[in-house]
Amino acid sequence: MKISHFTRLTGLLLVAGFFISCGSSNINIDQLVADNKYDQALIEIDNRITEDSRQPDLYIKRAEITAMMAQDASPELRTDHYNQIVADFETSAEMGANDAQLATIDSLKQQYWKTEHNSGLRIFENSEGANLYETAKEHFQNALIIRPDAVSSYKNLAVAEFNLGNLNAAINSLETALDHTNEPSAELYENLGYLYLEKGDPATAADYYEMANTDVNEDINLAYGLVNAYISNSNHEAAVSLLETLVNEYPDNANLRNVYGTQLYEINSEIMADLREAYQKNDATLVDQIKVEAVGMGEEAETQLIEAFKRDTSNIEYLESLAVFYNNLAGNYLSIEKVAFEEDKPELRNRAYDLIDFAIDYYGRLSEMDPNNPEYQNKLTMLNKLKSNN
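Residues numbered from 1 in each chain as written. Predicted model: local features only at pLDDT ≥ 70, side-chain atom pairs only at ≥ 80, totals over all residues. Heavy atoms only, no water.

A. Broad picture of the overall build of the protein. Each helix and strand counted, the protein has 18 helices and 0 strands in total. The C-alpha radius of gyration of the protein comes to 37 Å, more than 25% above the 21 Å expected for a compact globule of 390 residues. If you take every contact in the protein between residues at least 6 apart in sequence, the share linking residues at least 24 apart comes to 56%. With the model as given, the accessible surface of the protein reaches about 21,000 Å², and the carbon-plus-sulfur share is 48%. (Helix = DSSP H or I, 4+ residues; strand = E, 2+ residues; numbered from the N terminus. Rg over C-alpha atoms; globule rule 2.2 N^0.38 Å. Contact = heavy atoms within 4.5 Å. Areas by Shrake-Rupley, 256 points an atom, 1.4 Å probe, with all protein chains shown as cover.)

Shown next, in the form of structure tokens:
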């Protein structure tokens, strides 16, 4: 009995001795951190986690130390640190973090995100040089590791990527931002519209501009973007419809009137193509109808182009718009005259040469304003030659 009892006690003592020999040390982690001995502090935390992994506070502490180490590294070298921080926060929650610990995690995540995000913003505001946008991009990417749902960081990341020439990356950043918001702002849609327009995809650009669902009269930049998208996609009717609204709202905006006039001319060109087809089909009724439309649309285009020029007579672009308009419209009438009914030919020909007179007048003005431009003089020579052969 005594031997058996003694044997059991010996076994218990051996077990007790095992746990004592492998128990936690008394090393003070906070003191290691205060002494900037981050690696030693992390080793100590790892040892304690190995002993008992279900200690949520240890993961939080490790994340805090890792964050300090991240700040000591340059922005482009912080990725692994922030990935470890996020992993530790997630593990802490999985290991049963209480409400207070979860609140600490949320607070630290906000703090670390804000540090990186604001660092990126400060570079935008105060820095100069070739590495400006690259460094800012790194800060915003770091911020998004901590908070992958931060729409503002995606938007600023897109700005950095766009300025670095990474158009597709900028688009991807903004579209990812869309995935993280239930109520996208008009600005987000507008920026995507702009980027797709820059990419050469006006159809998608128009879709995003339209999704902004904003009163274009109150957001002139969005309106310009949508007009440009329509024009780039050759959707002249949509462009004209929007421009008519804008011109009524901003009647003294010469640029709007100039663009409006050029788009009316594009529609007029389509009408002239229909007129040619009607002549070729020998449809007299349709010819009479389309001729009226062509004259009306041409006159409205002319009016808008003249109104733009009247508001800024020093603007060579507006003057050139008128010269090109008269030149091209004259060419359209001369082209249709070749297939027109005999009784209509004099009317179409006279209309063409009246327009040629206007074209000569405006190209003459252009030549005076820019005498070193050979294109204007060449146009004048050609038009005068065409007129003399009449």
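Now that the structure has been shown, the text picks up again.
B. Here's a closer look at unusual backbone geometry. Its identity as a non-glycine residue notwithstanding, Ser234 has a phi of 60°, on the positive side. On the secondary structure map, Ser234 appears in the loop between helix H12 (220–232) and helix H13 (236–249). Located in the positive-phi region is Asn282, a residue other than glycine, with phi close to 60°. Mapped onto the elements, Asn282 comes out in the loop between helix H14 (254–280) and helix H15 (284–311).

C. View of helix H9 (residues 167–179). With 13 residues, H9 extends 19 Å from end C-alpha to end C-alpha; this agrees with the ideal 18 Å at 1.5 Å per step. Next to the buried residues of H9 lie helix H8 (151–163), helix H10 (186–199) and helix H11 (202–211). (Expected span 1.5 Å × (residues − 1).)

D. Main features of the layout of surface pockets. Taken as a whole, the largest pocket encloses approximately 330 Å³ of empty space. Lining the largest pocket are 17 residues; nearest its centre among them are Val159, Leu174, Asn191, Tyr194 and Leu195. For the lining of the largest pocket, the elements supplying multiple residues, two or more each, are H8, H9, H10 and H12. Looking at the lining of the largest pocket, the element that brings in the most residues is H8, giving 6 residues. Looking at side-chain class alone, the lining of the largest pocket contains 9 nonpolar, 6 polar and 2 charged residues. (1 Å grid on protein atoms, 1.4 Å probe; cavity = no way out; pocket = protein on both sides within 12 Å on 5 of 7 lines; lining within 4 Å. Points joined across faces, edges and corners; volume = space filled by probe spheres on them. Nonpolar A, V, L, I, M, F, W, Y, C, P; charged D, E, K, R; others polar.)

E. Fine view of the packing of aromatic side chains. Taken as a whole, this structure holds 13 aromatic pairs when the rule is applied. Here Phe162 and Tyr194 contribute two aromatic rings whose centre-to-centre distance is 5.9 Å and whose plane-to-plane angle is 65°, an arrangement assigned as edge-to-face. With Phe162 in helix H8 and Tyr194 in helix H10, this pair connects stretches of sequence that are 32 residues apart. The class for Tyr194 is partly exposed, based on a relative accessible area of 39%. Relative to Phe358, the ring of Tyr326 lies with its centre 4.9 Å away and its plane at 25°, an arrangement referred to as stacked. (Phe/Tyr/Trp six-rings, centres within 6.5 Å; stacked < 30°, edge-to-face > 60°. Buried < 20%, exposed > 50% of the residue type's maximum accessible area, 1.4 Å probe, protein only.)

F. Seen up close, the side chain of Asn327. Mapping Asn327 onto the fold places it in helix H16 (residues 316–337). For Asn327, a relative accessible area of 12% gives the class buried. When residues no more than four places from it in sequence are discounted, the contact partners of Asn327 are Ala359, Tyr363, Lys379, Met382 and Leu383.

G. Structural view of the nonpolar core. Formed by 97 residues in total, the largest nonpolar core has its most connected members in Ile85, Tyr112, Tyr279 and Tyr333. If you look at the next biggest cluster of nonpolar residues, it comprises 11 residues, including Leu32, Val33, Leu58 and Tyr59. (Core = buried A, V, L, I, M, F, W, Y, C linked by side-chain atoms within 4.5 Å.)

H. Expanded view of the pattern of salt bridges. Taken as a whole, this structure holds 17 salt bridges when the rule is applied. Between Arg62 and Asp88 there is a salt bridge, and its shortest N-O distance comes to 2.7 Å. Linking Arg62 in helix H4 (residues 56–72) with Asp88 in helix H5 (residues 79–94), this pair joins segments that are 26 residues apart in sequence. (Salt bridge = Lys/Arg side-chain N within 4 Å of Asp/Glu carboxyl O.)

I. Expanded view of the environment of Glu249. Locating Glu249 in the fold gives a position in helix H13. Glu249 gets classed as partly exposed once you look at its relative accessible area, which sits at 43%. In the structure, Glu249 is positioned 32 residues away from Asn217 in sequence and 6.8 Å away in space, judged by C-alpha atoms.

J. Representation of the packing of H8 against H9. Where H8 meets H9, the closest approach of the two axes is 8 Å, and the angle between their N-to-C directions is 170°. Compared by their axis directions, H8 and H9 come out roughly antiparallel. On H9, the residues that touch Val151, Tyr154, Lys155, Leu157, Ala158, Glu161 and Phe162 of H8 are Leu167, Ala169, Ala170, Ser173, Leu174, Thr176 and Ala177. Among the residues forming the contact of H8 with H9, the class breakdown is 10 nonpolar, 2 polar and 2 charged. (Axes fitted to C-alpha atoms, helices over the stretch in contact; angles between N-to-C directions. Parallel < 35°, antiparallel > 145°, perpendicular 65-115°, else oblique.)

K. Layout of a negative patch on the surface. A surface patch of like charges, here negative, comprises Glu237, Glu266, Glu270, Asp274 and Glu293. Element by element, the count of residues in the negative patch is highest for H14, at 3 residues. Mapped onto the fold, Glu293 is located in helix H15. (Patch = residues over 30% accessible without salt bridge, like charges linked within 9 Å, V, L, I, M, F, W, Y side chains within 5 Å. Lys, Arg positive; Asp, Glu negative; His and termini not counted. Charge placed at Lys NZ, Arg CZ, Asp CG, Glu CD.)

L. Just the packing of H12 against H13, in detail. Packing of H12 against H13 leaves a shortest axis separation of 8 Å and a crossing angle of 155°. On the basis of their axis angle, the class for H12 and H13 is roughly antiparallel. Two packed elements cross with a definite hand, and for H12 against H13 that hand is left-handed. Seen from H12, the contacting residues are Ile220, Ala223, Leu226, Val227, Tyr230 and Ile231; seen from H13, they are Ala238, Ala239, Leu242, Leu243 and Leu246. Taken together, the residues of the contact of H12 with H13 break down into 11 nonpolar, no polar and no charged. (Left-handed = near helix turned anticlockwise from the far one by under 90°.)

M. Layout of H16. End to end, H16 covers 32 Å across 22 residues, agreeing with the expected 32 Å (1.5 Å per residue, within 8%). Of the residues flanking the start of H16, the one acting as N-cap is Asn315, its side-chain oxygen 2.8 Å from the backbone nitrogen of Glu317. (Polar contact = N/O pair within 3.5 Å; in protein donor to acceptor, adjacent residues only side chain to side chain.)

N. Layout of the environment of Thr303. Assignment of secondary structure puts Thr303 in helix H15. Separated by 210 residues in the primary sequence, Thr303 and Ala93 have C-alpha atoms spaced 70 Å apart.

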